[in-house]
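Each chain, written out:
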There are 4 protein chains.
Amino acid sequence: MPIRAVVWGENVHEQTNKTVSDLYPDGMHGTIAAALQSDDVTATTATLQDPEHGLTAERLAETDVLLWWGHAAHGDVSDAVAERVVEAVWSGMGFIALHSAHFAKPFKRLMGSACNLTWREAGERERLWVTSRNHPIAAGLPDHFTLENEEMYGEPFGVPEPLETVFISWFQGGEVFRSGLTYKRGAGNVFYFRPGHETYPTYHDPNVQRVLQNAVRWAYNPARRVVGVNDAPNVPVDQALEPIQERGPRLHQDGEEGFR
Amino acid sequence: MPIRAVVWGENVHEQTNKTVSDLYPDGMHGTIAAALQSDDVTATTATLQDPEHGLTAERLAETDVLLWWGHAAHGDVSDAVAERVVEAVWSGMGFIALHSAHFAKPFKRLMGSACNLTWREAGERERLWVTSRNHPIAAGLPDHFTLENEEMYGEPFGVPEPLETVFISWFQGGEVFRSGLTYKRGAGNVFYFRPGHETYPTYHDPNVQRVLQNAVRWAYNPARRVVGVNDAPNVPVDQALEPIQERGPRLHQDGEEGFR
Amino acid sequence: MPIRAVVWGENVHEQTNKTVSDLYPDGMHGTIAAALQSDDVTATTATLQDPEHGLTAERLAETDVLLWWGHAAHGDVSDAVAERVVEAVWSGMGFIALHSAHFAKPFKRLMGSACNLTWREAGERERLWVTSRNHPIAAGLPDHFTLENEEMYGEPFGVPEPLETVFISWFQGGEVFRSGLTYKRGAGNVFYFRPGHETYPTYHDPNVQRVLQNAVRWAYNPARRVVGVNDAPNVPVDQALEPIQERGPRLHQDGEEGFR
Amino acid sequence: MPIRAVVWGENVHEQTNKTVSDLYPDGMHGTIAAALQSDDVTATTATLQDPEHGLTAERLAETDVLLWWGHAAHGDVSDAVAERVVEAVWSGMGFIALHSAHFAKPFKRLMGSACNLTWREAGERERLWVTSRNHPIAAGLPDHFTLENEEMYGEPFGVPEPLETVFISWFQGGEVFRSGLTYKRGAGNVFYFRPGHETYPTYHDPNVQRVLQNAVRWAYNPARRVVGVNDAPNVPVDQALEPIQERGPRLHQDGEEGFR
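Everything numeric here is computed off the predicted structure, so don't read it as measured data.

**Structural notes on the overall build of chain A**
Broken down by element type, chain A carries seven helices and nine strands. Taken along its principal axes, the extent of the C-alpha atoms in chain A is 70 × 40 × 35 Å. For chain A, the residues scored as buried account for 64% of the 260 residues in total. Restricting to contacts in chain A with at least 6 residues of sequence separation, those with at least 24 account for 71%. Taken as a whole, chain A presents about 8600 Å² of accessible surface, with 49% of it coming from carbon and sulfur. Between the averaged position of the 22 positive side-chain charges in chain A and that of its 35 negative side-chain charges there is a distance of 3 Å.

Given below as structure tokens:
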């Protein structure tokens, strides 16, 4: 069965800004989904404007990897949907945060940190360097590649230490940024990828598309989803793996649930 | 100036359960604070029942390290205070989560994961092994130490990979648990320490007290707190470190704030 | 093309100890290779006694994942072969160190640490707990599994912090041990897996076999091997990606190799 | 008692190259040691040309933190001294590798990887960005600082994933490099710091000096050195922490040493 990717797009500037709609007539989400479509990946889209932002519990249960692009409307994403996405990640869904999604609700909740940075919108040159040789997310890429026009993001990037740093960006104006970072949260693989400002043709770039194609395969976890992802089950004394005798005072009665 | 530690206690079972109040007539928070008090550490307490749970913005601004014990009343902690604590950590305050605080709001938000586990209240033997030789949090401890009566917590523990694993527990009933884990979130050092069920005299144990004394010193960051911990400042084009010319279309006007 | 696994066995106690030869008439390496053989994995063996220990440069160039079991004869492995294995890992070959291979030359060189531990040979019970939910190396396993008779290894285990802790062992005699650890060295994935004392039938255990089958697939890196794994290439000034002028004094002449 | 730092210098180009000797009449090691000297740090020097390279077992036993600069003569460092340094690190001595020491024997052995990179000697501008806010090694530094003339080192840098990335460098010619990386090996803290090409006045720069002053304090481990850093002690059955009965066949006799 192919990997089921869903590309979530905020879909605001595509509707309100001629530069963006000219670059991405099908939306950035549409362009990304088309780039992902292949023999072993089925890519569909969802947007902020869809009922429940297109991310019902049923949809997430059938999503292997969710890509997320948002910028102007982070605050319009409902807390309930953000929480639902986060729990889907914990249960094993892959999650790829794109560019300005550093401030998206699900990404911030998964990181547990401020996720802030510095920025400049000047169409300057960005060059991405691969820092983890032969990492699956960098498969087929040269040692570095360039985007002639991009927004700058600068360090310090307010995220936890990653499992791995896969890309670091050089900017023409003098900054650097950790542009490709991997994490695991519960059973879910998480990848942050920096480029993708909406006024530039970044998602039409073959190297960027290659990164996203690789990242979907990397983030995909074929294991069955974890059920009861928040459960903290009690192990009764008489079912202990090694025979023990209960000793001392207790708070809880048999079969009782723990406090939350 | 001494390190200013604040021990936050939920203070519920101390008021309602005779076993607990007999063990901890000054509250668990009181016992812990007394154990921390020393020439270079000033320890005070705060509880759920205090106004704003004793954790006003002013108090947090003067707290170097916050220790947190909660169990029955996680849900009674206000979201505003939880968020305030989280942001204080990002700005550089140390945070030590104790035992059942694995499900406390600030800890869950800092981890970005479910923080769940298995458990059994049988007063069984727990033995903690030091896994990181000469780690400052293990200073002065033997290679292992035993708590004759403790609640069991079992793996999988739903937390992100730590920076370092400092302790792993062996349980009489057959389980293991990563009992001492370090993290960094923003400028703040975070430590989780497992033992401390309220019906046992754990916080009177000299080795446990030693761990907490060490952990306060480890978590303390002498640097001045980060101001504007959520800021994402724009760097104007004409202030770029390397001279650049603005190119291509733009979304933002000069001096504009970014989207959040 | 199937993944090409090579199981390296020291093959000493199989020849000299009746207990071991009765348990493993084809050698431990033979038993492991048979367990790995499948539609997508081709497993062959190599031993200490083979010319160049069976690990010529040609053989390693055609090896995707090398599994290593050694114990009594670590010192008999030639430094040249150990170094060759290490460089193959850096170039992308997967490496799985089994049990007493914690002290094997290639593993120690890859870790950069003492790799020591405590031990006891008493045929006691070991129980392995999965600590990383849905990790590919734990695919298809229960939350824990038991080996009724094993040698004990105890913490502190003298290895660097891993990328991920996948298994932790509980021992009947009171110890714990980080039994499944992942690393990356250069382009190569490295996994350490604890069980496997030669006087017990560990490698006949279906759960242990499952771990090894999973680990081979996890360690396999499909990317083409890195060529010149020790190269530190000079980038001539006139080929800099951004135009620069040479300034200041220099040590090296154009096209010169760096010092090593 | 002050922290006892030893600055090891290869001391070759200081003797043979007028540019270097003019910049560093006391040797780079001398300049660095002078910068470290303070109320709580005593800094001395050692060089390649000293008997046993100035690093006898006695000297290392009294060294809290060793800084290492080498370039042209890595191969002249004796394997015995390199191994002695590595074991001192495992026992708790801090180790700071400077610039071209990425290829020094002790650093390569501690990393377990190729430690290679790309390079260019053009006196170009380097800008170091702090990536870990309020990290003790960055104490007192601005968000970034610039070295007007430095050698370029480019990614991929062949080192394992660090515990923390503290600095990343931007180079005028278009490259980036992870310039400040922390590790732990055994009980010893390890820091790699990139700048320091011998034909430039880098070690006279106040920000560079500040980094080294901070790094010495960070790397210092006040715990007593680990004795028997390679020991793998047997735990006799009758001294097991939990009572067990020996079962099954065995290889070893009581009190026997394990294989190495």
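Anyway, onward from the coordinates.
**What about the layout of surface pockets?**
Within this model, the largest pocket holds a volume of roughly 1300 Å³. In terms of lining, the largest pocket is formed by 36 residues, of which the most central are A:Pro136, A:Trp218, C:Pro136, C:Arg217 and C:Trp218. Counting only elements with at least two residues in the lining of the largest pocket, the list comes to strand E8 (176-185) and helix H7 (206-219) of chain A together with strand E8 (176-185) and helix H7 (206-219) of chain C. Computed from the structure, the second largest pocket encloses a volume of approximately 1100 Å³. Forming the walls of the second largest pocket are 35 residues, and the residues nearest its centre are B:Pro136, B:Asn189, B:Trp218, D:Pro136 and D:Trp218. Going through the elements one at a time, strand E8 (176-185) and helix H7 (206-219) of chain B together with strand E8 (176-185) and helix H7 (206-219) of chain D are the ones with two or more residues in the lining of the second largest pocket. It is H7(B) that contributes the most residues to the lining of the second largest pocket, four residues altogether. Class assignment of the residues belonging to the lining of the second largest pocket gives a composition of 16 nonpolar, twelve polar and seven charged.

**Side note on the interface of chain D and chain B**
The interface is formed by 21 residues belonging to chain D together with 21 residues belonging to chain B. Of the roughly 1700 Å² buried where chain D meets chain B, counting both sides, 48% is carbon and sulfur surface. There are four salt bridges connecting chain D and chain B. With its nearest N and O atoms 2.6 Å apart, the salt bridge here joins D:Glu242 to B:Arg125. Where chain D touches chain B, the interface holds twelve residue pairs in polar contact (both at pLDDT 80 or more). Mapped by element, the contributors of at least two residues to the side of chain D that touches chain B are strand E5 (118-130) and strand E7 (164-171) of chain D. When residues of the side of chain D that touches chain B are assigned to their parent elements, the largest contribution, three residues, is made by E5(D). Taken together, the residues of the side of chain D that touches chain B sort by class into seven nonpolar, seven polar and seven charged.

**Focus: the relation of the copies chain B and chain A**
Note on the copies: chain B fits chain A at an RMSD of 0.0 Å, the axial shift is 0.0 Å, and the rotation between them is 180°. The superposition of one copy onto the other is thereby described by a two-fold rotation axis. For chain B, the minimum C-alpha distance to the rotation axis belongs to B:Gly112 and amounts to 2.4 Å. Comparing contact sets, 100% of the residues at the interface of chain B also lie at the interface in chain A, consistent with an isologous, same-surface contact.

**Some remarks on the packing of aromatic side chains**
Scanning all chains against the criterion turns up 46 aromatic pairs over all chains. Residues D:Trp68 and D:Phe95 carry aromatic rings whose centres are separated by 6.3 Å and whose planes lie at 45° to one another, so their mutual orientation is tilted. Residue D:Trp68 is located in strand E3 (residues 65-69), and its partner D:Phe95 is located in strand E4 (residues 94-98); the two are separated by 27 residues in the primary sequence. For D:Trp68, a relative accessible area of 1% gives the class buried. Every member of this aromatic cluster is reached through a ring pair, and the members are A:Phe107, A:Tyr153, A:Phe157, A:Phe177 and A:Tyr192. The cationic tip of D:Arg127 hangs over the ring face of D:Trp170; the distance from NZ or CZ to the ring centre is 4.9 Å.

**Observations concerning the interface of chain B and chain A**
If you look at the interface, chain B gives 68 residues, while chain A gives 68 residues. Across the interface of chain B and chain A, roughly 5300 Å² is buried in total on both sides, 58% from carbon and sulfur atoms. Summed over the three residues of chain B that lose the most area to chain A, namely B:Trp119, B:Arg247 and B:Leu251, the buried surface amounts to 15% of that side. Inspection of the region where chain B meets chain A yields two salt bridges.

**Some thoughts on the sheet that holds strand E6 (residues 144-154) of chain C**
Residue and element names in this part refer to chain C. Spatial strand order, E2-E1-E3-E4-E9-E8-E7-E5-E6: nine strands in an open sheet with mixed pairing. Only two strands of the sheet have a single neighbouring strand rather than two, namely strand E2 (41-47) and E6. With direction set aside, neighbouring strand axes in the sheet form an average angle of 25°. Two strands pair when backbone bridges link them, and strand E3 (residues 65-69) and strand E4 (residues 94-98) are joined in this way by five bridges, in the parallel orientation. Note that in E4 the partner of Leu 66 across the bridge is Phe 95. Strands in contact with helix H3 (residues 27-36) are strand E1 (3-9), E2, E3 and E4; relative to E2, the strand with the most contacts, it is inclined by about 170°. The strands touched by helix H5 (residues 79-90) within the sheet are E3, E4, E8 and strand E9 (188-193), with E9 carrying the most contacts at an inclination of about 120°.

**Here's the deal with the relation of the copies chain D and chain B**
With an RMSD of 0.0 Å, chain D superimposes on chain B once it is rotated by 180° and translated 0.0 Å along the axis. The fraction of interface residues of chain D whose copies in chain B are also interface residues reaches 100%, indicating that both copies meet through the same surface.

**Description of the UniProt feature "domain: ThuA-like" (unreviewed entry) in chain A**
When the UniProt feature table is mapped onto this chain numbering, "domain: ThuA-like" (unreviewed entry) sits at residues 5-219 of chain A. End-to-end, the C-alpha atoms of residues 5-219 of chain A are 10 Å apart, and along that stretch the chain is 27% helix and 33% strand.

**Re the side chain of A:Ser179**
Residues and elements named next belong to chain A. Mapped onto the secondary structure, Ser 179 falls in strand E8. What makes Ser 179 buried here is its relative accessible area of 0%. At a separation of 2.5 Å, a polar atom in the side chain of Ser 179 contacts the side chain of Ser 169. The contact partners of Ser 179, leaving out residues within four places of it in the chain, are Glu 126, Leu 128, Phe 167, Ile 168, Ser 169, Tyr 192, Phe 193 and Arg 194.

**Quick look at empty space enclosed by the protein**
Taken as a whole and assessed by the stated rule, the structure comprises 13 cavities of 30 Å³ or more. Considered as a void within the structure, the largest cavity measures approximately 500 Å³ in volume. A:Pro162, A:Leu163, B:Pro162, C:Pro162 and D:Pro162 are, among the 30 residues lining the largest cavity, the residues nearest its centre. Secondary-structure elements contributing two or more residues to the lining of the largest cavity are E8 of chain A, E8 of chain B, E8 of chain C together with E8 of chain D. Residues of the lining of the largest cavity, tallied by class, amount to 16 nonpolar, two polar and twelve charged.

**A closer look at the side chain of D:His74**
Tracing the sequence through the fold places D:His74 in the loop between E3 and helix H5 (79-91). Excluding its chain neighbours within four sequence positions, the residues that come into contact with D:His74 are C:Arg260, D:Glu10, D:Ser100, D:Ala101, D:Phe103, D:Ala104 and D:Lys105.

**Focus: the sheet that holds strand E9 (residues 188-193) of chain B**
Residue and element names in this part refer to chain B. The sheet built from nine strands is open, its strands ordered E2-E1-E3-E4-E9-E8-E7-E5-E6 with mixed pairing. Strands with a single pairing partner mark the edges of an open sheet, and in this sheet they are strand E2 (41-47) and strand E6 (144-154). Averaged over all adjacent pairs, the angle separating strand axes in this sheet is 25°, with direction ignored. In the packing of helix H3 (residues 27-36) onto the sheet, contacts are made with strand E1 (3-9), E2, strand E3 (65-69) and strand E4 (94-98), and the angle to E2 comes to roughly 170°.

**Topic: the environment of A:Arg120**
In this structure, A:Arg120 sits in strand E5 (residues 118-130). A residue is classified by how much of its surface remains accessible, and A:Arg120, at 0% relative accessible area, is buried. Sequence separation of A:Arg120 and A:Glu151 is 31 residues, and the distance between their C-alpha atoms is 5.9 Å. Each residue touching A:Arg120, except ones within four places of it in the same chain, is listed here: A:Glu151, A:Met152, A:Gly173, A:Glu175, B:Asn234, B:Val235, B:Pro236, B:Val237, B:Ala240 and B:Ile244. Reaching out from A:Arg120, the side chain makes a polar contact with the side chain of A:Glu124 at a distance of 2.9 Å.

Conventions used here
- Residues numbered from 1 in each chain as written.
- Chains lettered and ligands numbered in written order.
- Predicted model: local features only at pLDDT ≥ 70, side-chain atom pairs only at ≥ 80, totals over all residues.
- Heavy atoms only, no water.
- Helix = DSSP H or I, 4+ residues; strand = E, 2+ residues; numbered from the N terminus.
- Buried < 20%, exposed > 50% of the residue type's maximum accessible area, 1.4 Å probe, protein only.
- Contact = heavy atoms within 4.5 Å.
- Areas by Shrake-Rupley, 256 points an atom, 1.4 Å probe, with all protein chains shown as cover.
- Lys, Arg positive; Asp, Glu negative; His and termini not counted.
- Charge placed at Lys NZ, Arg CZ, Asp CG, Glu CD.
- 1 Å grid on protein atoms, 1.4 Å probe; cavity = no way out; pocket = protein on both sides within 12 Å on 5 of 7 lines; lining within 4 Å.
- Points joined across faces, edges and corners; volume = space filled by probe spheres on them.
- Nonpolar A, V, L, I, M, F, W, Y, C, P; charged D, E, K, R; others polar.
- Buried area = accessible area lost by both parts, 1.4 Å probe.
- Salt bridge = Lys/Arg side-chain N within 4 Å of Asp/Glu carboxyl O.
- Polar contact = N/O pair within 3.5 Å; in protein donor to acceptor, adjacent residues only side chain to side chain.
- Least-squares fit on C-alpha atoms with pLDDT ≥ 70 in both.
- Phe/Tyr/Trp six-rings, centres within 6.5 Å; stacked < 30°, edge-to-face > 60°.
- Lys NZ or Arg CZ within 6 Å of the ring centre and 35° of its normal.
- Pairing = 2+ DSSP bridges.
- Axes fitted to C-alpha atoms, helices over the stretch in contact; angles between N-to-C directions.
- UniProt positions renumbered as here; feature names shortened; annotations may be inferred.

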